[in-house]
Amino acid sequence: MNASFATPEGLRAVLERLHDRESAGYWAWRQDPEAERLMQFTIGKYRSLARTHHCEPEDSAYAAFEAMRTRAVRCAEDPWAVITRAVQVSLIAEERAAGLLCSTAQARRREVMRHHDARRFGEDETGFLELLAESRGPSPVDASAAPPPLKPGETPPTKALEALSLVISMFVALGWPSNSATCTLDYIATRLMETGDRHVAHSYLRRDQAGRAALDLDRKSWATVLRIVLGNPDRAAAATRAGVGVLAMLACDWKVVDLLADDGLVVEIRDAAPKVARRIDA
């Protein structure tokens, strides 16, 4: 396409004209035929860049449009160079936002961008098994040695993913909607894997207001769920069942029926259900 706006000076002239028309009250970008051709040209120009960042070509056009309306682009020595950088930054943010499951505004923050992409709990079960091993206490046997064969009638130890499924089933049985229980427990377990420590994960999640709101849990319910799943962070409770948490207990071969025998635990799980579930039950 041999268009005048393909050159830096030609683009500047088009942007100046569109800016003047907008200032006069016209909907230039909606009604001007050259503006439409400019956006079609932009989509083609940045198509490969958009694909590199796993975005649609139209995403690049929107980022370019936002940049074209700024004075910095109109006054730049090379408007296309400024637009290209703006599009690149926007596409990087879009790609990171998709991986981190957050908004593009959040993905632009430096402290957020350094995190790895979100992954569903269970994709890397080995790391979580090692993490929960601390709850079993020191082992007198070399960790690299093969486990002893099972005796007749014995059942194999519970794996981390199975423990998570048991906790979800327990929450559902006590009144939680299946989707809410799955999302909440997956979210907690993922943060546990990222931090590598139950106490650090508990501290991080306790302040995670965005996650709590997305899961539709009030502050009291969120604190209760964290304490039940990850254990009471109080050092005085470290050696007790309450200090370990039901997730680690089930990974250490506790039985669900033993946990459900605790009436206080049952009531806490039931009362911590999301607001929607409690309204439906009412």
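Residues numbered from 1 in each chain as written. Predicted model: local features only at pLDDT ≥ 70, side-chain atom pairs only at ≥ 80, totals over all residues. Heavy atoms only, no water.

The name recorded for the chain in an unreviewed UniProt entry is Serine/arginine repetitive matrix protein 2, from Nocardioides marmotae.

Undergrad: Any chance you could explain helix α5 (residues 57-68) here in plain terms?
TA: An α-helix turns once every 3.6 residues. As a result, residues three or four positions apart point the same way. If you check α5, its first and last C-alpha atoms are 17 Å apart, about what 12 residues at 1.5 Å a residue would give, namely 16 Å. Every buried residue of α5 is listed here: Pro57, Ser60, Ala61, Ala63, Ala64, Phe65, Ala67 and Met68. (Helix = DSSP H or I, 4+ residues; strand = E, 2+ residues; numbered from the N terminus. Expected span 1.5 Å × (residues − 1). Buried < 20%, exposed > 50% of the residue type's maximum accessible area, 1.4 Å probe, protein only.)

Undergrad: Please clarify how the pattern of salt bridges should be interpreted in this entry.
TA: It is possible for side chains of opposite charge to pair when their charged atoms get near one another. In this structure the tally under the stated criterion is five salt bridges. A salt bridge links Glu34 to Arg17; its shortest N-O distance comes to 2.7 Å. You can see Glu34 sitting in helix α3 (residues 33-45) and its partner Arg17 sitting in helix α1 (residues 8-23), a full 17 residues away along the chain. Several salt bridges converge on common partners, so that one network encompasses Arg17, Asp32 and Glu34. (Salt bridge = Lys/Arg side-chain N within 4 Å of Asp/Glu carboxyl O.)

Undergrad: Would you mind showing me how to read the packing of α3 against α5 here?
TA: Each pair of packed helices gets described by two things: the angle between the helix axes and the distance between those axes. Relative orientation of the contacting elements α3 and α5 amounts to 125°, with a least axis distance of 8 Å. In terms of axis orientation, α3 runs oblique to α5. Like other packed secondary-structure pairs, α3 and α5 cross with a definite hand, here right-handed. Listed contacts from α5 to Leu38, Met39, Thr42 and Ile43 of α3 are Pro57, Glu58, Ser60, Ala61, Ala64, Phe65 and Met68. Class assignment for the residues of the contact of α3 with α5 results in eight nonpolar, two polar and one charged. (Axes fitted to C-alpha atoms, helices over the stretch in contact; angles between N-to-C directions. Parallel < 35°, antiparallel > 145°, perpendicular 65-115°, else oblique. Left-handed = near helix turned anticlockwise from the far one by under 90°. Contact = heavy atoms within 4.5 Å. Nonpolar A, V, L, I, M, F, W, Y, C, P; charged D, E, K, R; others polar.)

Undergrad: What am I meant to see in unusual backbone geometry here?
TA: Peptide bonds are mostly trans, and most non-glycine residues show a negative phi. Of note in the backbone geometry, His54 takes a positive phi value of approximately 55° without being a glycine. Residue placement: His54 occurs in the loop between α4 (47-52) and α5. Look at His54 and you get exposed, because its relative accessible area is 68%. In this structure, Asp216 takes a positive phi of about 60° despite not being glycine. Relative to the assigned elements, Asp216 resides in the loop between α14 (209-214) and α15 (219-230). What makes Asp216 partly exposed here is its relative accessible area of 29%.

Undergrad: Is there a simple way to think about the side chain of Thr42 in this case?
TA: Positionally, Thr42 belongs in helix α3. At a separation of 2.8 Å, a polar atom in the side chain of Thr42 contacts the main-chain carbonyl oxygen of Leu38. (Polar contact = N/O pair within 3.5 Å; in protein donor to acceptor, adjacent residues only side chain to side chain.)

Undergrad: Looking at this model, I keep getting lost on a negative patch on the surface. Mind explaining?
TA: A cluster of acidic residues, Glu56, Glu58, Asp59 and Glu94, forms a negative patch at the surface. Positionally, Glu94 belongs in helix α7 (residues 79-100). Given the relative accessible area of 31%, Glu94 is considered partly exposed. (Patch = residues over 30% accessible without salt bridge, like charges linked within 9 Å, V, L, I, M, F, W, Y side chains within 5 Å. Areas by Shrake-Rupley, 256 points an atom, 1.4 Å probe, with all protein chains shown as cover. Lys, Arg positive; Asp, Glu negative; His and termini not counted. Charge placed at Lys NZ, Arg CZ, Asp CG, Glu CD.)

Undergrad: Would you explain the packing of α1 against α3 in this entry?
TA: Remark: α1 packs on α3, axes separated minimally by 11 Å, with the N-to-C direction vectors making an angle of 135°. Put simply, α1 runs oblique to α3. Taken as a pair, α1 and α3 cross one another with a handedness that is left-handed. Within the contact between the two elements, α1 uses Leu11, Val14, Leu15, Arg17 and Leu18 and α3 uses Glu34, Ala35 and Leu38. Classifying every residue of the contact of α1 with α3 gives six nonpolar, no polar and two charged.

Undergrad: Explain the packing of aromatic side chains to me, please; I cannot follow it from the model alone.
TA: What describes a pair of aromatic rings is the distance from one ring centre to the other and the angle between the planes of the rings. Overall, the coordinates contain six aromatic pairs when judged by the stated rule. Aromatic ring contacts, followed pair by pair, group Phe5, Phe41, Tyr46 and Trp80 into a single cluster. The residue whose ring lies beneath Arg191 is Tyr187, and the NZ or CZ to ring-centre distance is 4.4 Å. (Phe/Tyr/Trp six-rings, centres within 6.5 Å; stacked < 30°, edge-to-face > 60°. Lys NZ or Arg CZ within 6 Å of the ring centre and 35° of its normal.)

Undergrad: Quick question: what am I supposed to make of the nonpolar core here?
TA: The tendency in soluble globular proteins is for nonpolar side chains to be buried as a group. With 36 residues, the main nonpolar core has Phe171, Trp176, Ile188, Trp222, Val229, Leu230 and Ile269 as its most contacted residues. Where this core is concerned, the elements lending two or more residues are α11 (160-173), α12 (178-195), α13 (198-206), α15, α17 (246-251) and α19 (263-271). Apart from the residues within four sequence positions on either side, Val229 is in contact with Phe171, Leu185, Ile188, Val244, Gly245, Val246 and Leu247. If you look at the next biggest cluster of nonpolar residues, it comprises 28 residues, including Phe5, Val14, Ile43 and Cys55. (Core = buried A, V, L, I, M, F, W, Y, C linked by side-chain atoms within 4.5 Å.)

Undergrad: What am I meant to see in the environment of Phe65 here?
TA: Following the sequence through the fold, Phe65 ends up in helix α5. It is 9.9 Å that separates the C-alpha atoms of Phe65 and Ala35, two residues lying 30 residues apart in sequence.

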